[in-house]
Amino acid sequence: MFYGPIVRRDQEVTHRGTWRAALSEFISTLIFVFASSGSAFAVNKLSVDAPAGLVIAAVAHAFAFFVAVAIGSNNSGGHVNPAVTFAAFVGGNLTVLRCVLYWIAQLLGSVVACLLLILATPGQGVPAFRLSGGMGVRNAVVLEMVMTFGLVYTVYATTVDPRSQKGKSGTMAPIVIGFIVGANVLVAGPFGGASMNPAASFGPAVVSWTWKNHWIYWVGPLVGGGLAGFVYELKYFSQDADKK
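Residues numbered from 1 in each chain as written. Predicted model: local features only at pLDDT ≥ 70, side-chain atom pairs only at ≥ 80, totals over all residues. Heavy atoms only, no water.

### Quick look at a nonpolar patch on the surface
A cluster of nonpolar side chains, Phe89, Val90, Val96, Val100, Ile104, Leu108, Leu227, Phe230, Val231 and Leu234, forms an exposed patch at the surface whose accessible area comes to about 850 Å². Listed by contribution, the elements that provide at least two residues to the nonpolar patch are helix 3 (82–90), helix 4 (96–120) and helix 9 (216–243). Tracing the backbone shows Val96 in helix 4. (Patch = residues over 30% accessible without salt bridge, like charges linked within 9 Å, V, L, I, M, F, W, Y side chains within 5 Å. Areas by Shrake-Rupley, 256 points an atom, 1.4 Å probe, with all protein chains shown as cover. Salt bridge = Lys/Arg side-chain N within 4 Å of Asp/Glu carboxyl O. Helix = DSSP H or I, 4+ residues; strand = E, 2+ residues; numbered from the N terminus.)

Set out below in structure tokens:
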């Protein structure tokens with residue numbers, strides 16, 4: 001259930017399911033960011049070349065996101081990403097309260113994950129997302145929009161669409177979503193880090209206090225994710241209308 005436990009909107013603040021879902025988002029995001037950001041430490045420790053390092057990062061992102069979505073799906077829908085949460089809100093699948101709570105939980109989970117990485121690896125610093133040489137701001141925004149559109153559209157098709165629950169796509173959703181994350185890292189990682197996730201960018205920015213061009217990793221994913229949610233909902237409703 002993408003929305004999480006069904007409760008009346010006027011009871012959400014006091015309902016345990018709401019806070020259980022927020023806690024689930026905190027833990028899932030912490031697990032994802034710890035593994036994905038920690039993969040950079042592994043690459044540095046192994047002193048591998050750039051292509052091998054990119055593959056390691058992509059695999060780490062894919063596996064970590066797959067696990068994070070799977071463990072959070074029963075309680076919160078397994079968003080693990082403010083852009084996914086925003087798309088759910090735009091599509092009418094999430095209330096304002098849950099959207100805000102999920103965002104807070106995701107950002108806190110990312111910050112705590114980065115702090116734990118620093119504590120667990122003395123002398124290491126968590127690298128913030130930044131643009132590579134020759135990459136323009138406009139290019140980076142478009143890249144983040146396109147990648148996040150693909151990610152969120154995949155989430156909608158495999159978890160939000162009621163028809164996905166009738167077939168194998170619902171049970172395979174975490175794997176499929178993890179694959180698109182890993183593929184995007186392989187394609188766009190060398191250009192700007194391939195965030196697709198404002199929370200994943202926020203934690204490293206806080207602990208390293210590096211904010212240059214940080215807005216890119218909010219604007220791109222939120223616009224791309226919101227657009228994907230709107231397009232899929234429009235497509236779904238139009239298909240329903242055709243059947244009537």
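### Let's talk about the layout of surface pockets
If you add up the space inside the largest pocket, you get close to 740 Å³. For the lining of the largest pocket, the secondary-structure elements that each account for two or more residues are helix 1 (16–46), helix 2 (50–72), helix 7 (173–192) and helix 8 (198–208). Ranked by the residues each element gives to the lining of the largest pocket, the list is headed by helix 1, at seven residues. In terms of residue class, the lining of the largest pocket is built from 18 nonpolar, 11 polar and two charged. (1 Å grid on protein atoms, 1.4 Å probe; cavity = no way out; pocket = protein on both sides within 12 Å on 5 of 7 lines; lining within 4 Å. Points joined across faces, edges and corners; volume = space filled by probe spheres on them. Nonpolar A, V, L, I, M, F, W, Y, C, P; charged D, E, K, R; others polar.)

### Quick notes on the UniProt feature "transmembrane region" (unreviewed entry) in the protein
Under the feature "transmembrane region" (unreviewed entry), the UniProt entry names residues 21–44, 50–71, 100–120, 140–160, 172–195 and 215–234. Here residues 140–160 is 100% helix and 0% strand, with 28 Å between the C-alpha atoms at its ends. (UniProt positions renumbered as here; feature names shortened; annotations may be inferred.)

### Observations concerning the packing of aromatic side chains
Counted according to the given criterion, the structure contains nine aromatic pairs. Taking 6.0 Å as the distance between ring centres and 70° as the angle between the ring planes, the aromatic pair formed by Trp103 and Trp218 counts as edge-to-face. Taken together, the residues Trp103 in helix 4 and Trp218 in helix 9 connect sequence positions 115 residues apart. Centre to centre, the rings of Tyr156 and Tyr232 are 5.7 Å apart; their planes meet at 45°, and the pair counts as tilted. Of this pair, Tyr156 sits in helix 5 (residues 137–160) while Tyr232 sits in helix 9, placing them 76 residues apart in sequence. For the pair Tyr156 and Tyr232, one class covers both residues: buried. Three or more aromatic residues link up through ring pairs in this structure, and these residues are Phe149, Tyr153, Tyr156 and Tyr232. (Phe/Tyr/Trp six-rings, centres within 6.5 Å; stacked < 30°, edge-to-face > 60°. Buried < 20%, exposed > 50% of the residue type's maximum accessible area, 1.4 Å probe, protein only.)

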